[in-house]
Amino acid sequence: MRYLTKKDLLIISHNLGYIFQGIGLVLLLPIIIALIYNENTYLSFVLPSLVSIGVGTILAHELKNYTNLKLKHAMIVSALAWLWASLIGAFVLSLSMHISFVNAFFENMSAWTGSGFTLFNNVEILPYSILFLRSLEQWIGGLGIIVVFAGTLIRGGTNANKLYLSEGREDKIRPSMANTIKKIFKIYLIYTIMGIIAYVIAGLPIFDSINLTFTSIATGGMSIKNANVGFYNNNLVYIITMIIMILGATSFAVHSRVIKTKGKSLLKDIQFKYLLIVTAIVTLILFIICKSVPIGIIFHVISAITTTGASILPTSEVLTWNGATLTLLFVLMLIGGSTGSTSGGIKLSKVIISFKGIAHNIKSIIAPEKRTKPLKISDKVVKDKQIKDASLFIFMHFILIAIVWFLFILYGYSPLDSLFDVISAQSNTGLSVGIITNGLPDFLKVVLIIQMWMGRLEIIPVLVLFNGIFEIFRFKPKTKKSERRKVRPKSK
């Protein structure tokens, strides 16, 4: 049977229509900043926005009878939605900044996925509206394009549930998925407002406070300053940023329970505990290596494990770090934060399940028959399928890293430095040792665009999309059995 039928494509298009409308509306928001600062960039936002809203309206309205969404549809919708958001944003940058489309596409994919890389040599000369657009894309992308627009534009029920799962989220804070999405958005908004207020109290201008909060709570890290957070040279700003990064890398389900129990259940979450433990261990190792632990090292450890990519040290100083320090940081980037948070990476839950699953399997081999107890994590039984799924994802994660790393080495880049930046792109972190710049060949920029996209969606939705495209092009209708029968000559 055909993997994607005409009806499947119409169902996907109908649901994409709502997402396109939402993306178009988001692109109108920076116009407010353009008007406040008297910038003439508003037309660059209006035209792509109207295209997105127009196409979305046609798809959503004309195909309104095609609503029976399946999981494969949801994953393809998710994969295409992130591509479309980056594509439309790229048109905005191309029109306003007159840069190449590849660079504009890279910049937007980096922003939406929370990777935080930038190809601009000097971001401080960019219009305020463009700076705000990049921060806004990170803020929405951190929560999830599908989560935001599925909760606001698409009706609840099974459709919203499947779209929620398609972005790698599993926790249900409320019985219904619509209420879960609303609760997540409410928590996210509260933390955002608190962050803005904290930065203003610390002495930052309101525009800087909004942008820094957006990028920190979304664990994006794409700054409006060339020196990133280090521009402010303020320890209080650094501490606030570290707290916000940890909040962003903590599961929204945990935040909900903490609010209910007034903080009593925070340390009961195994992912949050391991986040603190791993951070403490790596900080201790760096103390031994570096003989001191300045706030810059602690900041980068938290930035790496939360996959924010924010920095308070200049790239020239980062380049002086030895191989052991860089290795520890890219291990942190690989691990990432909690499942159900805004962070990237493999995710702590998958790492914990995989390692504990390996240990459990070894025990089951050694122990007498039928003496092994079921594997439990946080008093919950872990099924064999969960262990297999976590291990498979980690395997695919490393395979993708290996392929892109090999391409960078072919282009003559240093193996260790290129591995650091490739892992940073795969984990949507954005920390760099100076390889990912405007001077990178366009082919490698395109490769990184695909890698950031796949890393943010945890690979599977993109593979489902690729498989669907492959099946469409290679599909050949089968002939009927009667047509395949050979006509035998009658016997005399």
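Peer 1: Can you tell me about helix α17 (residues 348-366), naming the residues and giving the values?
Peer 2: Between the first and last C-alpha of α17 there are 27 Å, a value that for 19 residues agrees with the 27 Å anticipated at 1.5 Å per step. All of the buried residues in α17 are Leu 348, Ser 349, Lys 350, Val 351, Ile 352, Ile 353, Ser 354, Gly 357 and His 360. Contact partners of the buried residues in α17: α13 (270-290), α16 (323-335), β1 (376-377) and α18 (384-410).

Peer 1: Outline the packing of aromatic side chains, supporting the account with residue identities and numerical values.
Peer 2: Inspection of the entire model under this criterion finds 16 aromatic pairs. Relative to Trp 84, the ring of Phe 20 has its centre 4.2 Å away and its plane inclined at 20°; by these criteria the two rings are stacked. A residue pair is termed long-range when its members are at least 10 positions apart, and Phe 20 in helix α1 (residues 6-26) and Trp 84 in helix α4 (residues 71-97) qualify at 64 residues. Using a relative accessible area of 17% as the deciding quantity, one classes Trp 84 as buried. Between Phe 132 and Phe 214, the ring centres sit 6.1 Å apart and the planes meet at 45°, which makes this aromatic pair tilted. Of the two residues, Phe 132 is situated in helix α6 (residues 128-143) and Phe 214 in helix α10 (residues 206-217); the sequence distance between them amounts to 82 residues. An aromatic cluster of three or more residues is present, and its members are Phe 132, Trp 139, Phe 185, Tyr 188, Phe 214 and Phe 252.

Peer 1: I'd like to hear about the pattern of salt bridges, residue by residue, with values.
Peer 2: It is possible for side chains of opposite charge to pair when their charged atoms get near one another. All told, the structure shown has 8 salt bridges when counted by the stated rule. Lys 347 is the salt-bridge partner of Glu 458, the closest N and O atoms lying 3.2 Å from each other. Of this pair, Glu 458 sits in the loop between α20 (442-456) and α21 (460-474) while Lys 347 sits in the loop between α16 and α17, and the two are 111 residues apart along the sequence. Given a relative accessible area of 10%, Glu 458 falls into the buried group. Among the residues examined, Lys 347 registers a relative accessible area of 7% and is labelled buried.

Peer 1: Kindly report on the packing of α1 against α4, identifying the contributing residues and their values.
Peer 2: It is the contact of α1 with α4, at a shortest axis distance of 9 Å, that shows an interaxial angle of 40°. Taken together, α1 and α4 sit at an angle that is classed as oblique. In terms of crossing hand, the pair formed by α1 and α4 is right-handed. For the pair α1 and α4, contact is made by Asp 8, Ile 11, Ile 12, Asn 15, Leu 16, Ile 19, Phe 20 and Ile 23 and by Lys 72, His 73, Ile 76, Val 77, Leu 80, Ala 81, Trp 84 and Ala 85, respectively. Looking at side-chain class alone, the contact of α1 with α4 contains 12 nonpolar, 2 polar and 2 charged residues.

Conventions and cut-offs
- Residues numbered from 1 in each chain as written.
- Predicted model: local features only at pLDDT ≥ 70, side-chain atom pairs only at ≥ 80, totals over all residues.
- Heavy atoms only, no water.
- Helix = DSSP H or I, 4+ residues; strand = E, 2+ residues; numbered from the N terminus.
- Expected span 1.5 Å × (residues − 1).
- Buried < 20%, exposed > 50% of the residue type's maximum accessible area, 1.4 Å probe, protein only.
- Contact = heavy atoms within 4.5 Å.
- Phe/Tyr/Trp six-rings, centres within 6.5 Å; stacked < 30°, edge-to-face > 60°.
- Salt bridge = Lys/Arg side-chain N within 4 Å of Asp/Glu carboxyl O.
- Axes fitted to C-alpha atoms, helices over the stretch in contact; angles between N-to-C directions.
- Parallel < 35°, antiparallel > 145°, perpendicular 65-115°, else oblique.
- Left-handed = near helix turned anticlockwise from the far one by under 90°.
- Nonpolar A, V, L, I, M, F, W, Y, C, P; charged D, E, K, R; others polar.

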